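# Notes for the structure review
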Amino acid sequence: MSAEPDATTKLFFREAIVRALGEEMRRDEGLVLMGQDIGAFGGPYREFDGLHARFGSGRVRDMPVAEGAMVGVGAGYAAAGGRALVSITYMDFLMLALDPLVNYAAKLRYKTGGQLHAPLVVKTTAGAKGQGVAHSQCIEAWMMGVPGLKVVAPSTPADAYGLLKSALREDGPVLYIDHKRLFPMAGHVPVSESCVPLGVARVERAGGDVTLVGHSWMMVPVLAAADRLETEGISCEVIDLRTLAPLDTAALCASAGRTGALVTVEEGQLTCGVGAEIAFRVHEAVPGIRAARVGAAPAPVSSNPVLEAAVVPDADRIVAAVCRLLRGKP
Amino acid sequence: MSAEPDATTKLFFREAIVRALGEEMRRDEGLVLMGQDIGAFGGPYREFDGLHARFGSGRVRDMPVAEGAMVGVGAGYAAAGGRALVSITYMDFLMLALDPLVNYAAKLRYKTGGQLHAPLVVKTTAGAKGQGVAHSQCIEAWMMGVPGLKVVAPSTPADAYGLLKSALREDGPVLYIDHKRLFPMAGHVPVSESCVPLGVARVERAGGDVTLVGHSWMMVPVLAAADRLETEGISCEVIDLRTLAPLDTAALCASAGRTGALVTVEEGQLTCGVGAEIAFRVHEAVPGIRAARVGAAPAPVSSNPVLEAAVVPDADRIVAAVCRLLRGKP
Amino acid sequence: MTLPDPALLRSMMLIRAFEASLMARKDHGFQLLSSGQEAVSVGLCAALEPDDQLLCSGRSIGPALARRLDPNRVLAELLGKEAGYCSGRGGRGHMAAPARGFFGAHAVVGGNLTVAAGVALRLQGEGRSSLVACMFGDGACGSGALHETLNIAAIWRLPLLLVCDNNQYSVSTPRAAALAPARLSDLAAPFGIRGMTVDGMDVQAVRDAAQALAATVRAGGGPAFLECLSYGFTAHSTSSRESRPRDEVAAARDRCPIRGYTEVLMRSGVVDRTQVAEMTREIDIVVAAANRFADDAAFPSPADVLLNVG
Amino acid sequence: MTLPDPALLRSMMLIRAFEASLMARKDHGFQLLSSGQEAVSVGLCAALEPDDQLLCSGRSIGPALARRLDPNRVLAELLGKEAGYCSGRGGRGHMAAPARGFFGAHAVVGGNLTVAAGVALRLQGEGRSSLVACMFGDGACGSGALHETLNIAAIWRLPLLLVCDNNQYSVSTPRAAALAPARLSDLAAPFGIRGMTVDGMDVQAVRDAAQALAATVRAGGGPAFLECLSYGFTAHSTSSRESRPRDEVAAARDRCPIRGYTEVLMRSGVVDRTQVAEMTREIDIVVAAANRFADDAAFPSPADVLLNVG
Ligand SMILES: Cc1ncc(C[n+]2csc(CCOP(=O)(O)OP(=O)(O)O)c2C)c(N)n1
Ligand SMILES: Cc1ncc(C[n+]2csc(CCOP(=O)(O)OP(=O)(O)O)c2C)c(N)n1
Ligand SMILES: [Mg+2]
Ligand SMILES: [Mg+2]
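Residues numbered from 1 in each chain as written. Chains lettered and ligands numbered in written order. Predicted model: local features only at pLDDT ≥ 70, side-chain atom pairs only at ≥ 80, totals over all residues. Heavy atoms only, no water.

It is worth spelling out helix α6 (residues 111-125) of chain D at this point. Count 3.6 residues to each turn of an α-helix, and residues three or four apart come out pointing the same way. Residue and element names in this part refer to chain D. Compared with an ideal rise of 1.5 Å per residue, which puts 15 residues at 21 Å, α6 spans 23 Å between its outermost C-alpha atoms and is within 8% of the ideal. Counting buried positions over the 15 residues of α6 gives 13, a clear majority of the element. Of the residues trailing α6, Gly127 is marked for its positive phi of about 70°. (Helix = DSSP H or I, 4+ residues; strand = E, 2+ residues; numbered from the N terminus. Expected span 1.5 Å × (residues − 1). Buried < 20%, exposed > 50% of the residue type's maximum accessible area, 1.4 Å probe, protein only.)

Okay, the site of ligand 1 next. Taken together, 19 residues lie near ligand 1, and A:Glu67, C:Arg59, C:Asp138, C:Gly139 and C:Asn167 sit nearest. Around ligand 1, the nearby residues trace back to chains A and C. In this structure, C:Tyr169 approaches ligand 1 through a main-chain N or O atom, which is 2.9 Å from an oxygen atom. A distance of 3.4 Å separates an oxygen atom of ligand 1 from a polar atom in the side chain of C:His236. Burial of ligand 1 by the surrounding chains reaches 92%, relative to a free accessible area of 580 Å². Split by residue class, the shell around ligand 1 holds 9 nonpolar, 7 polar and 3 charged. (Near = heavy atom within 4 Å. Polar contact = N/O pair within 3.5 Å; in protein donor to acceptor, adjacent residues only side chain to side chain. Areas by Shrake-Rupley, 256 points an atom, 1.4 Å probe, with all protein chains shown as cover. Nonpolar A, V, L, I, M, F, W, Y, C, P; charged D, E, K, R; others polar.)

On to the interface of chain B and chain A, then. Listed as interface residues are 40 residues of chain B and, on the opposing side, 40 residues of chain A. Here chain B and chain A share an interface that buries about 3600 Å² over both sides, 69% of which is from carbon and sulfur atoms. Counting across the interface, chain B meets chain A through 2 salt bridges. For A:Arg293, the salt bridge goes to B:Glu277, with nearest N and O atoms at 2.7 Å. At the level of secondary structure, the elements contributing two or more residues to the side of chain B that touches chain A comprise α4 (98-104), α5 (108-111), α6 (140-144), α10 (274-285) and β14 (290-296) of chain B. Broken down by element, the residue count for the side of chain B that touches chain A peaks at 7 residues, all from α10(B). (Contact = heavy atoms within 4.5 Å. Buried area = accessible area lost by both parts, 1.4 Å probe. Salt bridge = Lys/Arg side-chain N within 4 Å of Asp/Glu carboxyl O.)

A separate point is the domain arrangement of chain A. All names here are of chain A. One can read the domain layout of chain A as domain 1 (8-190) and domain 2 (202-324). Here the C-alpha centroids of domain 1 and domain 2 sit 25 Å apart. Of the roughly 2000 Å² buried between domain 1 and domain 2, counting both surfaces, carbon and sulfur atoms make up 61%. Counting the contacts that link domain 1 with domain 2 gives 3 salt bridges. Close ionic contact of Asp159 with Arg242 constitutes a salt bridge, the shortest N to O distance being 2.9 Å. The tally of links from domain 1 across to domain 2 stands at 12 residue pairs in polar contact (both at pLDDT 80 or more). Of all elements in the fold, only α6 (140-144), β6 (150-152) and α7 (157-167) reach the threshold of two or more residues within the side of domain 1 that touches domain 2. Considered class by class, the residues forming the side of domain 1 that touches domain 2 number 13 nonpolar, 8 polar and 5 charged. (Domains from an automatic or database assignment.)

With an axial shift of 0.0 Å and an RMSD of 0.0 Å, the rotation relating chain B to chain A amounts to 180°. Accordingly, the operation relating the two chain copies is best matched by a two-fold axis. A share of 100% of interface residues in chain B that are also interface residues in chain A marks the association as one of identical surfaces. (Least-squares fit on C-alpha atoms with pLDDT ≥ 70 in both.)

Now for the site of ligand 2. Around ligand 2, a shell composed of 19 residues is seen, among which B:Glu67, D:Arg59, D:Asp138, D:Gly139 and D:Asn167 lie nearest. The local environment of ligand 2 is shared, drawing residues from chains B and D. In the model, an oxygen atom of ligand 2 is placed 3.2 Å from a nitrogen or oxygen of the D:Ala140 main chain. The backbone of D:Tyr169 places a nitrogen or oxygen atom 2.9 Å from an oxygen atom of ligand 2. With the chains in place, 92% of the 580 Å² that ligand 2 exposes on its own is no longer accessible. Of the residues in the shell around ligand 2, the class split is 9 nonpolar, 7 polar and 3 charged.

Residue and element names in this part refer to chain D. Protein-derived ligands of the magnesium ion (ligand 4) are Asp138 (OD), Asn167 (OD1) and Tyr169 (O), with the metal-ligand distances lying across 2.0 to 2.1 Å. Counting residues between consecutive donors of the magnesium ion (ligand 4) along the chain gives the motif D-x28-N-x1-Y. With Asp138 in the loop between β3 (132-137) and α7 (144-155) and Asn167 in the loop between β4 (160-166) and β5 (169-170), this residue pair connects regions lying 29 residues apart in the sequence. (Donors = N, O, S within 2.8 Å, 3.2 Å for Na, K, Ca; no water.)

The next thing to look at is the interface of chain C and chain A. Each partner contributes residues to the interface: chain C has 27 residues there, and chain A has 29 residues. Taken over both partners, the interface formed by chain C and chain A buries close to 2200 Å², and the fraction arising from carbon and sulfur atoms is 66%. Here chain C and chain A share 0 salt bridges between them. At the junction of chain C and chain A, the tally comes to 9 residue pairs in polar contact (both at pLDDT 80 or more). The residue makeup of the side of chain C that touches chain A, split by class, is 12 nonpolar, 13 polar and 2 charged.

Take the sheet that holds strand β10 (residues 210-214) of chain B next. Residues and elements named next belong to chain B. As summarised here, the arrangement of the 5 strands in space is β9-β11-β10-β13-β14, forming an open sheet in which the pairing is mixed. Every other strand in the sheet has two partners, leaving β9 (202-205) and β14 as the edge strands with one partner each. Ignoring strand direction, the axes of neighbouring strands in this sheet form an average angle of 25°. As defined by bridge partners, strand β13 (residues 261-269) adjoins β14 across 6 bridges and the pair is classed as parallel. Looking across to β14, one finds that Ala261 is bridged to Arg290. Along the sheet, helix α8 (residues 219-231) contacts β9, β10, β11 (236-240) and β13; its crossing angle with β11, the most-contacted strand, is approximately 170°. (Pairing = 2+ DSSP bridges. Axes fitted to C-alpha atoms, helices over the stretch in contact; angles between N-to-C directions.)

To continue, consider the pairing of strand β4 (residues 83-90) of chain A. Look at any regular strand and the pattern is simple: side chains alternate between the two faces of the sheet. Residue and element names in this part refer to chain A. Counting buried residues along β4, 8 of its 8 residues qualify, which places the element largely inside the surrounding structure. Across 5 bridges, strand β2 (residues 31-35) lies against β4 in parallel orientation. The residue bridging Met34 from the neighbouring strand is Val86, located in β4.

What follows is about unusual backbone geometry. A negative phi angle is the norm for most residues apart from glycine, just as the trans form is the norm for most peptide bonds. A cis geometry characterises the amide bond from A:Ala245 onward to A:Pro246, with omega recorded as 0°. Relative to the helices and strands, A:Pro246 is located in the loop between β12 (243-245) and α9 (249-259). Phi is positive for C:Arg68, which is not a glycine, with a value near 70°. With respect to the helices and strands, the residue C:Arg68 is situated in the loop between α3 (61-66) and α4 (71-78).

What follows concerns the packing of α4(C) against helix α12 (residues 273-296) of chain C. The description of two helices packed together rests on the angle between their axes and the distance between the axes. Residues and elements named next belong to chain C. Relative orientation of the contacting elements α4 and α12 amounts to 45°, with a least axis distance of 8 Å. It follows that α4 is oblique to α12 by the angle criterion. Here the hand of the crossing between α4 and α12 comes out right-handed. On α12, the residues touching Pro71, Asn72, Arg73, Leu75 and Ala76 of α4 are Val286, Ala289, Ala290, Asn291, Phe293 and Ala294. Residues of the contact of α4 with α12, tallied by class, amount to 8 nonpolar, 2 polar and 1 charged. (Parallel < 35°, antiparallel > 145°, perpendicular 65-115°, else oblique. Left-handed = near helix turned anticlockwise from the far one by under 90°.)

As structure tokens, then:
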């Protein structure tokens with residue numbers, strides 16, 4: 001009883017992750033998962049649920065609170081012929097592991113003249129959800145310029161499933177980013193096993209007046225903004241980046257070339273951010289394009305509900321940015 | 001016998017640093033310097049020469065190879081009412097210290113509602129000079145978007161002197177960046193004590209056809225390129241950023257508004273880099289501006305002399321980028 | 001060994017009642033509680049002087065109240081109100097009141113260790129006999145920051161009292177599965193740092209050990225390491241699943257530090273049943289007042305989001 | 001205790017002569033030498049099997065040659081030539097030849113420790129009796145990476161032999177000023193890891209200790225920690241000022257591991273003066289050939305700058 005080729009099933013985001021991990025664990029006996037509380041506990045967001053029972057404590061490894069070592073051990077294991085996924089609970093703590101990730105894993109293939117490479121996925125969770133200044137940051141832009149490192153950040157269960165599987169088949173390190181607010185979301189995922197290729201953005205919605213670009217959780221306010229703008233007669237083309245490095249420049253330029261206007265949206269800081277990079281590339285390819293960007297206010301993200309909301313972009317701010325850009329209002 | 005108000009004296013870059021540190025040490029008894037081999041040894045580039053002898057081992061402290069603790073201890077000392085300068089020999093190792101710098105020091109004032117702040121300067125050295133993939137990186141762009149953190153990167157002894165002094169009088173953390181190739185350079189420094197304000201770029205050379213923007217060591221190839229372009233009839237306005245955060249957006253926009261063309265130059269990676277940010281801001285203020293950026297090739301910086309040179313921008317590449325931009329050649 | 005002290009009991013009871021009232025609120029948000037582990041904060045704070053500084057992990061409610069912060073402002077801070085110590089910006093993870101000897105919490109596991117060493121360096125430089133105490137969990141002992149801190153504190157003989165509140169778990173991970181040392185205080189030995197391990201459910205044992213170690217630290221003897229074997233009565237956080245064996249939790253509840261110390265005090269005749277009841281009533285009043293204070297306090301204005309950034 | 005072995009002498013002499021020839025070149029670039037410290041690499045490598053993996057710090061010339069890499073390709077790599085093991089991309093700081101049991105150097109101090117634990121995890125999973133040896137300096141003992149590695153290696157009983165080549169300095173900083181422990185091998189004790197400290201100027205002592213510890217590691221006994229007390233004959237790097245006391249350096253030269261071991265071998269009758277002279281001549285030929293090989297080898301083309309990035 002095989003499923004229709006494009007049949008789908010409904011999964012929660014965290015279930016899509018469990019499924020991708022389970023399939024890849026079965027496919028590749030060398031793959032080990034390492035992280036804090038990912039064993040019998042099933043992961044902070046149950047995104048590792050059941051894997052410990054299925055694959056045992058040799059392949060699903062709880063680790064001490066030692067982020068530097070977690071990524072270093074993962075990199076060494078991967079470089080020695082294995083494959084590792086290391087879970088860094090929150091992206092803020094990735095700062096503790098940038099030395100092994102950036103100085104070692106991302107450069108390994110280059111510096112050894114191709115003798116070694118590190119098939120390592122560092123999986124982490126970004127974004128604000130009431131946990132305060134050191135548990136809320138989005139620093140993916142830092143990683144987008146690291147030669148040898150790829151970066152993905154899905155916004156749907158299907159992409160989480162498909163991108164994670166692709167990431168787990170890469171030769172070099174990949175940073176895979178979830179968002180705290182995505183885990184409880186549900187969505188349609190293909191019934192049959194499949195991958196989503198890295199480096200390909202998705203046009204989430206076609207439109208003619210302006211191109212809206214986002215990734216991860218920001219797709220939710222972006223799509224809400226597009227709905228509202230529709231009612232005001234503004235037709236938005238919405239692009240979900242999915243992969244941040246390498247950027248799908250061609251798709252972005254093609255869309256912006258059609259619409260003539262670009263608004264980038266990110267939850268992290270704007271300065272040297274995702275939007276700055278996209279805008280530069282689009283400007284080069286589409287001279288005269290109008291561009292605006294929406295991102296965090298330049299402040300830390302407090303656990304304070306009022307101030308957290310004041311920092312993080314929402315549909316209102318996106319709508320306002322689009323209107324300002326299109327109507328030329330200051 | 002007091003000096004003329006604008007009398008200058010010739011100092012090597014490293015001497016300018018020693019002078020700034022010495023003056024500020026005398027001025028502020030709470031200031032301590034911490035770093036590897038900065039004591040009797042005088043620092044990797046002799047940029048701490050003589051300070052240990054003058055101020056003693058209580059205020060000029062050699063530290064173990066423990067970058068995370070170095071910045072954490074410096075932050076705690078500063079937050080408790082002192083002031084600290086922590087020397088991280090190479091910027092690559094700043095990755096080991098981003099947790100205390102970004103997650104603690106930069107957020108301290110905000111998260112305590114103004115009760116505490118960390119007058120901390122993290123001094124480090126960026127850039128390529130034959131030391132290989134983990135001793136050559138320029139990651140200043142990562143730090144430019146961190147709320148609560150300032151970033152400076154002088155290119156002359158006078159600015160090193162004046163910016164370091166200003167940094168050492170700030171309330172919050174400042175990342176001060178030298179470059180390996182700058183230390184042996186000499187330049188004119190004011191005889192009388194003075195500071196260079198943070199946040200103010202310097203127009204290094206006036207011109208009418210294109211604005212060239214750089215910082216740190218890149219000013220050397222930028223100025224060389226401007227010389228060569230002059231002979232080809234292209235007049236360059238050259239801006240030295242000096243402070244990367246906060247960016248002197250007004251000065252950049254004013255110049256680019258006059259010239260109509262902008263070329264940014266940085267030694268680090270282009271993606272989400274300094275140039276992307278500058279270009280976005282200038283585009284917003286000067287619609288229709290033509291912009292190009294020059295930066296590292298997307299590869300690690302090998303110790304290999306041929307490949308290092310192939311990655312890092314030089315005057316040739318800057319000249320080519322300017323010509324392409326102005327002549328509209330692809 | 002010092003005498004039984006009803007102030008210790010009151011302090012522990014305040015923490016317990018305060019957290020119970022917090023949990024009874026709908027708006028409590030994401031919290032890490034100290035209930036069950038009160039003896040560690042309270043025993044330690046009994047050894048601290050006003051000029052000392054205390055730092056802790058994100059499990060900050062016990063330490064903050066034990067350090068005698070105003071419960072009104074603590075609760076306001078936890079709920080994000082402007083009247084909180086950090087104007088509602090820090091919350092539980094970053095609660096601070098340095099003017100009251102509480103340099104503060106930091107929610108990065110192990111992240112406050114090196115900072116505490118820096119604060120200790122400052123106090124040392126000022127030439128006073130004050131010390132810095134830094135509380136952290138067993139989980140933090142897996143992090144390299146502890147090693148770097150021990151080494152630097154030892155070579156510089158910093159006035160630093162490291163206090164490991166070993167509640168046997170890092171989220172779901174049992175301490176024995178995550179950490180190789182037989183006793184976590186053994187980690188101090190190679191650095192020539194004095195280490196002790198005590199029953200963290202016994203407030204008097206904690207206080208006596210903390211006082212003994214604090215005395216050597218104050219006397220210029222350099223840092224010390226105190227491990228307190230404790231156990232939390234609730235799951236890791238208010239949003240975590242409970243994963244610990246039920247009978248293990250029950251057994252820990254049988255070793256309740258408050259009940260245990262009440263018995264000690266009554267047995268030694270320092271308090272009687274009436275006085276304990278009176279204390280309970282008084283604490284209820286304090287806690288109720290804190291809740292009213294926090295309710296009446298305002299949230300910050302979103303317009304102030306950029307205040308105190310740089 | 002095993003018998004005196006002329007192969008150990010030859011290996012040390014090769015390192016010494018190789019580095020001398022490198023220093024005689026104008027184009028030597030930025031190097032960290034092993035001269036004076038040859039006994040550590042050579043003694044350790046005598047305890048390694050072909051299937052083991054060796055990792056080291058940026059001070060990689062001694063370890064690479066002791067691990068029997070081809071001197072031609074080592075020198076080519078140091079000089080950035082395409083014929084080097086890493087096609088001239090790694091240089092001294094990142095020399096690697098994993099197919100020959102040399103997983104490689106990493107120039108971040110302490111940076112290879114956690115990586116080595118990961119390699120050991122892989123070998124463990126493959127169920128062979130191979131081990132991973134990781135060499136690092138005394139300076140690396142200040143870094144938290146060591147603590148995290150010791151702990152993880154202990155709880156997972158990894159086949160990891162940690163070898164501290166304690167040359168008494170981190171650049172200019174004396175080990176005693178930077179590190180509190182009396183012996184650096186003491187750092188292993190809290191984790192239940194076996195530690196030993198030996199004379200790192202005595203190749204036989206290093207070999208015997210490494211063999212003894214390697215045997216327990218191979219037998220599944222978990223990690224071990226070997227500290228070798230050594231001393232470098234030249235300044236930290238080819239571009240560093242010498243800052244060590246002159247008489248200290250002179251005293252260390254008196255303990256030259258090569259001279260010492262030559263005497264041992266001659267005294268025990270294993271070699272005579274003629275054989276040593278013959279060895280010297282043979283090594284000179286090898287070193288001269290390496291220089292010719294490296295001279296003849298080409299630099300990479302700048303057009304290949306993006307090769308093997310991702
Ligand atoms: C560096 C870092 N890694 C992970 C976390 C997530 N985290 C928060 S609390 C915690 C448990 C820490 O355990 P322990 O130190 O024993 O403290 P406890 O919660 O038991 O008081 C973890 C892993 C964190 N905050 N910081
Ligand atoms: C993390 C880091 N910090 C600083 C440096 C700069 N550095 C290079 S070698 C070295 C000395 C290390 O001393 P040790 O570990 O004893 O090794 P040795 O050079 O004595 O062999 C230092 C500080 C570095 N490479 N990495
Ligand atoms: Mg715990
Ligand atoms: Mg050394």
